[in-house]
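Inside the fold
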Amino acid sequence: MQKNRTDWNVNTKLNHPVEVKITEGNRPLIQPIYLSAKYYPNEAVPYFDQFMYSRVSNPTTRQLELTLAEIQKREECMVVGSGVAALTGTFLALLKTGDHVISFKESYRPSRVFIRDYLSKYQITSTFLSLSDLSQLESSIVPGKTKLIHFESPSNPNLEIADIEKIITVARKHGILVSMDGTFAGLHQHTQFDVDIMIHSLTKFGNGHGDVIAGCIAGKMSVIKTIRDMCLQLGAALEPQAAYLIQRGLKTYMLRYTHQTATAEKIVKFLKSHPKVKWVRYPNSELAKKQMKDMGSTISFEVDPSVAKSADNFCHKLKLIQLAASLGSTESVIAPTLAFFGLDLSQEERDSMLLTPYSVRLSVGLEDAEDLIKDLETALT
Ligand SMILES: *Cc1c(COP(=O)(O)O)cnc(C)c1O
């Protein structure tokens, strides 16, 4: 492309601004954010082997994908506009009319609702089991129809731990794909497991600062290609500015995750010894310790009815910890679990999953443990 600027008038000049060239070898230490939606192609290279249009590919989002594939020890990774888009794009890519999927009632509500109420519109049937009892897993397989087992570990909101090895063994025996939502455990854990599709909401620990919505899907090249094709059809692309913020947030990922975990452990200890706390859930089983190194910064517990009118009221009593959705960020937030995650369930399911009018989910941030404990102590009186 040749530009002869001197002949141009003002509007033409303003709409084709001067390019600043960088001397070869004079590179920035931080890669720029490529905001351009479109790219001028190299004539000698096939169009689709280069960047053409940012809904399909972009250097900034690609840098993030390569970082995420590397730390998750997977061949390939795709980033999309939300954790939910990562989940729904995966389901739509891998399932078709007549198929059957096995999932678990202890799942993030939008996953459960999509599998149960939206896939059924396309005659894709589902069976929901409990993560605490896998005895029905194999007998729930419908020969020739079950194509996917989808689970979370730890589960949202009550931190049930899945026996991942067992799920993979059953799935392999029957030639079924396994997808796992590892959001609560973060990006650095569960890399030793051969799940076919690993999904994360990057809104949580990945970005970590509560100012981006994003998701990612990682696995073998071939399965991610299938999912990528579907996500491109759905237009689920992540914005380059958002990708940049996540890339920056990831620099402190391990520091944040381990520090937040250490603070959460102190808070668990405090809550467990408090007479107005009925139960505390935090990963500590043998299975959890076998599968994870860091137990994370999410805790769920139930308060005694004498301290507040409801879980919502208890959350509002806290002054430092804010009532808000989401988790894994630098600031601590708390949510009433029944109102946020359980309203689509029957009373029996709510009871079995410990979603009660007084249960809450706390996500521990980077504040000082003493300040958080003081806030909880005051609200528990
Ligand atoms: C938040 C969350 C999601 C959805 O992620 P978004 O980025 O909010 O769309 C999926 N799975 C789990 C376990 C989550 O906690």
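Residues numbered from 1 in each chain as written. Predicted model: local features only at pLDDT ≥ 70, side-chain atom pairs only at ≥ 80, totals over all residues. Heavy atoms only, no water.

**Let's talk about the layout of surface pockets**
- Approximately 350 Å³ is the volume attributed to the second largest pocket.
- Along the walls of the second largest pocket sit 25 residues, with Val84, Tyr108, Asn156, Ser201 and Lys204 positioned nearest its centre.
- Secondary-structure elements contributing two or more residues to the lining of the second largest pocket are α3 (83-94), α4 (109-118), β6 (197-201) and α11 (337-341).
- By residue class, the composition of the lining of the second largest pocket is twelve nonpolar, eight polar and five charged.
- Here the lining of the second largest pocket spans two domains, since at least three of its residues come from each of domain 1 (47-250) and domain 2 (253-379). (1 Å grid on protein atoms, 1.4 Å probe; cavity = no way out; pocket = protein on both sides within 12 Å on 5 of 7 lines; lining within 4 Å. Points joined across faces, edges and corners; volume = space filled by probe spheres on them. Helix = DSSP H or I, 4+ residues; strand = E, 2+ residues; numbered from the N terminus. Nonpolar A, V, L, I, M, F, W, Y, C, P; charged D, E, K, R; others polar. Domains from an automatic or database assignment.)

**Digging into the nonpolar core**
- Among the nonpolar cores identified, the biggest contains 33 residues, and Leu271, Ile299, Phe301, Phe314 and Leu376 are the most heavily contacted of them.
- When residues of this core are traced back to their parent elements, those giving at least two are α8 (253-272), β8 (277-281), β9 (298-303), α10 (311-317), β12 (359-363) and α13 (369-379).
- For leucine 376, the contacting residues outside a window of four places in its chain are Ile267, Phe270, Leu271, Phe301, Phe314, Leu318, Ile321 and Leu362. (Core = buried A, V, L, I, M, F, W, Y, C linked by side-chain atoms within 4.5 Å. Buried < 20%, exposed > 50% of the residue type's maximum accessible area, 1.4 Å probe, protein only. Contact = heavy atoms within 4.5 Å.)

**Some words on unusual backbone geometry**
- Backbone torsion omega between serine 153 and proline 154 reads -15°, so that peptide bond is classified as cis.
- Among the structural elements, proline 154 can be located in the loop between β4 (146-152) and α5 (164-173).
- Following asparagine 156, the chain continues to proline 157 via a peptide bond in cis, the omega torsion being 5°.
- In this structure, proline 157 sits in the loop between β4 and α5.
- A positive phi angle, close to 60°, is found at leucine 159, a residue other than glycine.
- Structurally, leucine 159 can be placed in the loop between β4 and α5.
- Of note in this structure, serine 326 is not a glycine but carries a positive phi near 75°.
- If you trace the backbone, serine 326 turns up in the loop between β10 (322-323) and β11 (333-336).
- Here serine 326 falls in the partly exposed class, since its relative accessible area comes to 27%.

**Structural notes on the state of the cysteines**
- Inspection of the entire model under this criterion finds zero disulfides.
- Counting only cysteine sulfurs, cysteine 77 is the nearest neighbor of cysteine 216, a cysteine outside any disulfide, at a range of 4.3 Å.
- The buried category is assigned to cysteine 216, whose relative accessible area is 0%. (Disulfide = S-S within 2.5 Å.)

**Topic: the site of the ligand**
- As a structural note, the neighbourhood of the ligand is formed by 15 residues, with Val84, Asp181, Ser201, Thr203 and Lys204 the closest of them.
- Within the contact set of the ligand, an oxygen atom lies 2.8 Å away from a side-chain nitrogen or oxygen of serine 201.
- Put simply, the ligand lies in the second largest pocket.
- Broken down by element, the shell around the ligand gets its largest block of residues, three residues, from α3.
- Considering only residue class, the shell around the ligand consists of six nonpolar, six polar and three charged. (Near = heavy atom within 4 Å. Polar contact = N/O pair within 3.5 Å; in protein donor to acceptor, adjacent residues only side chain to side chain. Sits in = over half its atoms within 2 Å of the grid points.)

**A closer look at the pattern of salt bridges**
- In total, this model carries 17 salt bridges according to the counting rule given.
- The partner of aspartate 196 in a salt bridge is arginine 172, with the nearest N and O atoms 3.3 Å apart. Remark: arginine 172 occurs in helix α5 and aspartate 196 occurs in the loop between β5 (177-181) and β6; sequence separation between them is 24 residues.
- One salt-bridge network, held together by shared partners, links Arg62, Glu65, Glu76 and Arg228. (Salt bridge = Lys/Arg side-chain N within 4 Å of Asp/Glu carboxyl O.)

**Side note on the sheet that holds β8**
- What the five strands build is an open sheet, ordered β8-β9-β12-β11-β10; its pairing is mixed. This sheet does not close on itself; its edge strands, each paired only once, are β8 and β10.
- In the sheet, β9 pairs with β12 via five bridges, with the strands oriented antiparallel. Across the sheet, residue isoleucine 299 finds its bridge partner in β12, namely leucine 362.
- Against the sheet, α8 engages β8, β9 and β12, with an angle of about 15° to β9. (Pairing = 2+ DSSP bridges. Axes fitted to C-alpha atoms, helices over the stretch in contact; angles between N-to-C directions.)

**A word on the side chain of aspartate 294**
- Residue placement: aspartate 294 occurs in the loop between α9 (286-291) and β9.
- Once residues lying within four places of it in the same chain are set aside, the contact partners of aspartate 294 are His188, Gln189, Met254, Tyr257, Thr258 and Thr261.

**Observations regarding the packing of aromatic side chains**
- For the structure on display, the rule yields seven aromatic pairs.
- Taking 4.6 Å as the distance between ring centres and 55° as the angle between the ring planes, the aromatic pair formed by phenylalanine 205 and tyrosine 257 counts as tilted. Here tyrosine 257 lies in helix α8 and phenylalanine 205 lies in the loop between β6 and β7 (215-219), a separation of 52 residues in the sequence.
- Residue class for phenylalanine 205 comes out buried when judged on its relative accessible area of 3%.
- Between tyrosine 253 and tyrosine 257, the ring centres sit 5.9 Å apart and the planes meet at 35°, which makes this aromatic pair tilted. Of this pair, tyrosine 253 and tyrosine 257 both sit in helix α8, four residues apart, which is roughly one turn of the helix.
- We classify tyrosine 253 as buried; its relative accessible area is 4%.
- Cluster of aromatic residues (ring-pair linked, three or more members): Phe91, Phe114 and Tyr118. (Phe/Tyr/Trp six-rings, centres within 6.5 Å; stacked < 30°, edge-to-face > 60°.)

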